[in-house]
Every structure is written in C-alpha cells, then in structure tokens.
Amino acid sequence: MEHAILTYQGKTLELPIVEGSEEEKAIDISSLRQATGLITLDVGYQNTGSCTSSITFIDGDKGILRYRGIPIEELAEKASFSEVAYLLIYGNLPTPEEQQIFSKHLTQNSMIHEEMLRFFDGFPPTAHPMAILSTMVNALSVYYTDYYTEDFQGDTFDLMAASLISRIRTIAAYSYKHSIGEPHVYPKRDLKYASNFLYMMFESPVNPYVPDPDIERALSTLLILHADHEQNCSTSTVRLVGSSMVNLYASICAGICALWGPLHGGANQKVIEMLEDIRRNNLSIKDCIASAKDKNSKFRLFGFGHRVYKNYDPRAKILKKYCETIFKKYNYDDPLIHIAMELEEAALKDDFFVERKLYPNVDFYSGILYRMIGIPTNMFTVMFAIGRLPGMIAQWKEMHDAVPLKIGRPRQIYTGSTIRPYVPIGQR
Ligand code: SDX
C-alpha cells in the first residue's frame, strides 16, 4: 500500500493512500489528530472526500459521468427513469421480476394521504414549489410512520424508497395545480412514471391531457440526467443529516432545501430568468460576458462553471443536442436557446472562462427543455429534486449499509476571542 509522509515538529507520520476502482487516490487522514494533534482545513471541501462510494463516478477533467459503471449517454438514450432509480439504489439494472415489483410499489404508493391535501390550503398560490415540496416530504413521516423505524434494511426500506420516489411526483403536481387554482388530479395506475406526472400536471376537467411519447421521453431523459451526481452539496446534506439516524423523509427534506440554492439546483431557474432578462432588455452578449467577468457586477453567468467538471458537463452536451433534435422535429423555436448558444460560444472563446475551465453545466440547457414541456420556471428546481431523489436515497442507503455508521461532525479552527470575564451591563 502506498503512503504519504507527513513531517511535523520533528515527527514523521505515514498516512495510507486509498485508491478507488477508477485509480482515484486519497490520503486517509483518520489517524492524523491522534498522532499529531493536527486537523485539516479545507473550506468548501474542495480537496476533501467525505466517503468512498460505488454509486456514481465522475471524471471532471474528461467530462465522464457513469451510474454504477454505465455511461450516462447510454442510460439517457436507452433506459427508463424507474430502471435508473433501481440501478442507483440497488447496484444493478432490475431483472424483469425486480422491475415488476418496483413498478408495482411505485404505482401502489403514488397517492398521498387524503388528509395531506389540507396542507395545501395553508400555502398561498404564490408559494415557491420548493418550499411546498420540502414541507410536504417531511410531513410524509407523520402519515407513513410504519416506515419511521431505525430498520433501514429489507422490505421496510424498499417500500419507503419506492413510495417516496412516487409521492414526490404527486406532491409536485399537486403544488402546481394549487398554484393555478385548479383541482388536483389523482395519479393513474396504468401510466408510467413520467407520463403519470405529466397527466397529473396537465389533465383538467376542461382540458384533457394529450399524451405525447416524445415529450414523455424528454422528461424521462431530464430525470435520468439528474438522478445522481456523487457528493454534491444537497446529497452531502442528505448524508450528513441522515448520519444522525433521523428517518429518510427528514434527510431528504434537508437535501431538497440545499438543492434550492441558486449556486446549486436553483441555477436552472436562474438561467431562464437570466436569458429572459437579456432578451427583455436586449442586452448584448458582449456586455453580458464582460459583466460575468466583473467581480463588482451582480451579473453571474448561471448554468456555467462547476466544482468538479473542468470540461463540458456531459449532461449539458446531451441536453443541448436533445433540444436541437426535438425542436427540429416539432418545428418549435424558443428565442432563449439562441441567446444561450450565443452566450456559450462567446464564453468558450473568452480567456477568463477558458483559463478557469468554465463550461456549461447541467442547468444551462435543462430549463429550455422544461419550457418546451410546459413546466413553469419556478418548478424547474422541483424537477431537479424529482430526478435527484433516487440518487439521494441510494447515497443515504449506502451510508446506512456501511458499518459502523459514523455521525458526521466536522472540526474547526477557532479564531474568536480568547478567554475573558463576564462584564455586568453597568460597566460595559
Ligand atoms: C449544480 O456539485 C455538483 O455536482 C452540482 C450539480 C449536481 O448535479 O448536483 O452538478 C448541479 O449545482 C451545477 C452548478 C449550478 N450552479 C450554477 O450554474 C451557478 C453558477 N456557477 C458558479 O456559481 C460556480 O461555478 C459553482 C458554484 C458552480 C462552482 O463554484 P466553485 O467550484 O466554488 O468555483 P468558484 O466560485 O471558486 O469559481 C472559480 C473562479 C472564480 O473566479 P476567480 O476567483 O478565480 O477570479 O471561476 C469564476 C469565479 O468567479 N466563476 C464564474 C462562474 N463560475 C465560476 N465566473 C462567472 N460566471 C460563472 N458562472
């Protein structure tokens, strides 16, 4: 086994090197504090691994993404979302029997308790759907307490996982109906995952939902592309919260809240708002790029840059091509895609972006496809959450399967006041 040698104050410490199946290497520092009294400091965890994992592999330099070893390009083209969910959670693509059981669990658990419908009356129609989603997901633990156990294995977990993947879709669709003042539409037992969501979103007593296989495939592709992304901010949140042994619903609720941030999953909404702002105010691409580089400017090029990808995000590549193909097939156009492509072209030629290896990420084109499907902009991050849920569950399960389960508790370096006495108010 390879080692790294740390020398400090005349002492030498050998730290083992951990190597993964894709030849990634890390220094295992678990003995550091005991041996030297030192901790490491790495704000934003830019150089720090929180775990080993066999779920998703990303090579940021080469723009590679694989779920359980299968390239994202193949899954996006050939798999169903429920197959990908099963693959992430259980490690392999389901056999026909496994797929049938998983689909049955999804179908039979697609409704939410009728009493939960009253929760929606408490939200104003203008409530952001991510606030509703996080609230309702946590509230599921109130109604589905039989899963509220510390038994995270076997049938209990299987049902909890499938029912959450199914119900998050129902909650999202109900929040949309609530926002437009229409009656919610119950799921149908004979529709597949994506088509059932679209049915619950767009079916109404006066406007029947007309199934469109291409649109349903576009949504499945979007969900698959978002299904997992190793230790990103929100999934790391799910692991950290879950490490306290709280139930899955509360852990996922925390992850949904982290995903909402505009630097993370909330970027897909910000990209469309940015593109609409450029269009509405007829801003020049040149000025936008200049503002994006200007530290004093409030303008940020959302949908660009990534902590791990220092190459084109493979998901953005797939989405850009998907938009071009489906737009052509439907003779559909969206002025925002032309602005996005011009921004991309200008940025990829600009030294500021090239030097910093800033490329389009998954959020740059996803909103343009959601718009074509008819999803409102303020629901884009909800769509991200629906897609990411199987990955969050898979990572939560992997953490619970690891023995022993260690509660996550980072250290710090204190930089505040040294010891000083209490001073009564009259003497301050
Ligand atoms: C997601 O982690 C994941 O895997 C996330 C995700 C997933 O699937 O879970 O992939 C989903 O969150 C994608 C990212 C969505 N966010 C955005 O599109 C927001 C815009 N992007 C940036 O805020 C930024 O790129 C981050 C947050 C994505 C990454 O931030 P980092 O890794 O902390 O990088 P940084 O902010 O330190 O940037 C390095 C440099 C800085 O310039 P200098 O200080 O070196 O001069 O690049 C600049 C930054 O100012 N920079 C940008 C930029 N992104 C980085 N400059 C202009 N526009 C940008 N978008």
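Residues numbered from 1 in each chain as written. Predicted model: local features only at pLDDT ≥ 70, side-chain atom pairs only at ≥ 80, totals over all residues. Heavy atoms only, no water.

Engineer: Give a detailed account of the overall build of the chain, specifying residues and quantitative values.
Structural biologist: On a plain count of helices and strands, the chain comes out with 18 helices and 6 strands. Counting only C-alpha atoms and orienting by the principal axes, one finds that the chain spans roughly 80 × 65 × 55 Å. Across the chain, every contact between residues at least 6 apart in sequence was considered, and the portion connecting residues at least 24 apart equals 71%. Taken together, the 44 basic and 50 acidic charged side chains of the chain have centroids lying 5 Å from each other. (Helix = DSSP H or I, 4+ residues; strand = E, 2+ residues; numbered from the N terminus. Contact = heavy atoms within 4.5 Å. Lys, Arg positive; Asp, Glu negative; His and termini not counted. Charge placed at Lys NZ, Arg CZ, Asp CG, Glu CD.)

Engineer: Provide a residue-level description of the pairing of strand 5 (residues 64-67), including the pertinent values.
Structural biologist: Residues of strand 5 alternate between two faces, with L65 and Y67 buried on one and I64 and R66 left unburied on the opposite face. Two strands pair when backbone bridges link them, and strand 4 (residues 56-59) and strand 5 are joined in this way by 4 bridges, in the antiparallel orientation. Across the sheet, I58 pairs through a bridge with L65, a residue of strand 5. Counted between consecutive antiparallel strands, the loop separating strand 4 from strand 5 contains 4 residues, among which G63 sits at a positive phi close to 70°. Taken together, strand 5 and the strand that follows it, strand 6 (residues 70-71), pair antiparallel across an intervening segment of 2 residues, in which R68 is found at a positive phi of about 50°. (Buried < 20%, exposed > 50% of the residue type's maximum accessible area, 1.4 Å probe, protein only. Pairing = 2+ DSSP bridges.)

Engineer: Which residues make up the packing of aromatic side chains, and what are the values?
Structural biologist: Tallied over the entire structure, the rule returns 16 aromatic pairs. Aromatic pair F304 and F364: ring centres 5.2 Å apart, planes at 90°, arrangement edge-to-face. In this pair, F304 sits in the loop between helix 13 (285-293) and helix 14 (314-330) while F364 sits in helix 17 (residues 363-373), placing the two residues 60 residues apart along the sequence. For F364, a relative accessible area of 0% puts it in the buried group. Plain terms: the ring middles of Y312 and Y359 are 6.4 Å apart, the flat faces sit at 55° to each other, and that makes the pair tilted. Here Y312 is found in the loop between helix 13 and helix 14, whereas its partner Y359 is found in the loop between helix 16 (351-355) and helix 17, with 47 residues between them in sequence. Look at Y359 and you get partly exposed, because its relative accessible area is 27%. Among the aromatic side chains, those forming a connected cluster through ring pairs are F304, F352, F353, F364 and Y365. The lysine or arginine in question, R169, covers the ring of Y193, its NZ or CZ lying 4.2 Å from the ring centre. The ring of F352 is capped by R356, whose NZ or CZ atom sits 3.7 Å from the centre of that ring. (Phe/Tyr/Trp six-rings, centres within 6.5 Å; stacked < 30°, edge-to-face > 60°. Lys NZ or Arg CZ within 6 Å of the ring centre and 35° of its normal.)

Engineer: Help me get a handle on the packing of helix 7 (residues 154-179) against helix 8 (residues 193-202), residues and values and all.
Structural biologist: Put simply, helix 7 and helix 8 touch, their axes get as near as 8 Å, and they point 20° apart. Taken together, the axis directions place helix 7 and helix 8 in an arrangement best described as roughly parallel. Between helix 7 and helix 8 lies a crossing of right-handed hand. Each of I165, S166, I168, R169, T170, A172, A173, Y174, Y176 and K177 in helix 7 lies in contact with helix 8, whose residues at this interface are Y193, N196, F197, M200, M201 and F202. Of the residues assigned to the contact of helix 7 with helix 8, the class counts are 11 nonpolar, 3 polar and 2 charged. (Axes fitted to C-alpha atoms, helices over the stretch in contact; angles between N-to-C directions. Parallel < 35°, antiparallel > 145°, perpendicular 65-115°, else oblique. Left-handed = near helix turned anticlockwise from the far one by under 90°. Nonpolar A, V, L, I, M, F, W, Y, C, P; charged D, E, K, R; others polar.)

Engineer: Which residues make up the site of the ligand, and what values go with them?
Structural biologist: Taken together, 24 residues form the shell around the ligand, and within it H229, L301, H306, R307 and R315 come nearest. Measuring from an oxygen atom of the ligand, one finds a side-chain N or O atom of H264 at 2.8 Å. Between L301 and the ligand, the recorded distance is 2.7 Å, taken from a backbone N or O atom to a nitrogen atom. Protein contacts shield 77% of the accessible area of the ligand, which totals 1,100 Å² for the unbound molecule. Residue classes in the shell around the ligand are distributed as 10 nonpolar, 7 polar and 7 charged. (Near = heavy atom within 4 Å. Polar contact = N/O pair within 3.5 Å; in protein donor to acceptor, adjacent residues only side chain to side chain. Areas by Shrake-Rupley, 256 points an atom, 1.4 Å probe, with all protein chains shown as cover.)

Engineer: Describe the packing of helix 8 against helix 9 (residues 213-225), and please don't skip the residues or the numbers.
Structural biologist: In the contact formed by helix 8 and helix 9, the axes pass within 9 Å of each other and the chain directions differ by 110°. Classified by the angle between their axes, helix 8 and helix 9 sit roughly perpendicular to one another. At the point where helix 8 passes helix 9, the crossing takes the right-handed sense. Note on element contacts: helix 9 touches helix 8 through I215, E216, L219, S220 and L223, opposite Y193, A194, S195, F197 and L198. Counted by class, the contact of helix 8 with helix 9 contains 7 nonpolar, 2 polar and 1 charged residues.

Engineer: I'd love a proper account of unusual backbone geometry, names of residues and values included.
Structural biologist: Residue P404 follows V403 across a cis peptide bond; omega there is -5°. Mapping P404 onto the fold places it in the segment after helix 18 (380-401). Of note, E23 is a non-glycine position whose phi angle comes to about 65°, a positive value. Looking at the secondary structure, you find E23 in the loop between strand 2 (11-19) and strand 3 (25-27). A positive phi angle is found at M245, which is not glycine, with a value near 75°. Structurally, the position occupied by M245 is in the loop between helix 10 (233-242) and helix 11 (248-259).

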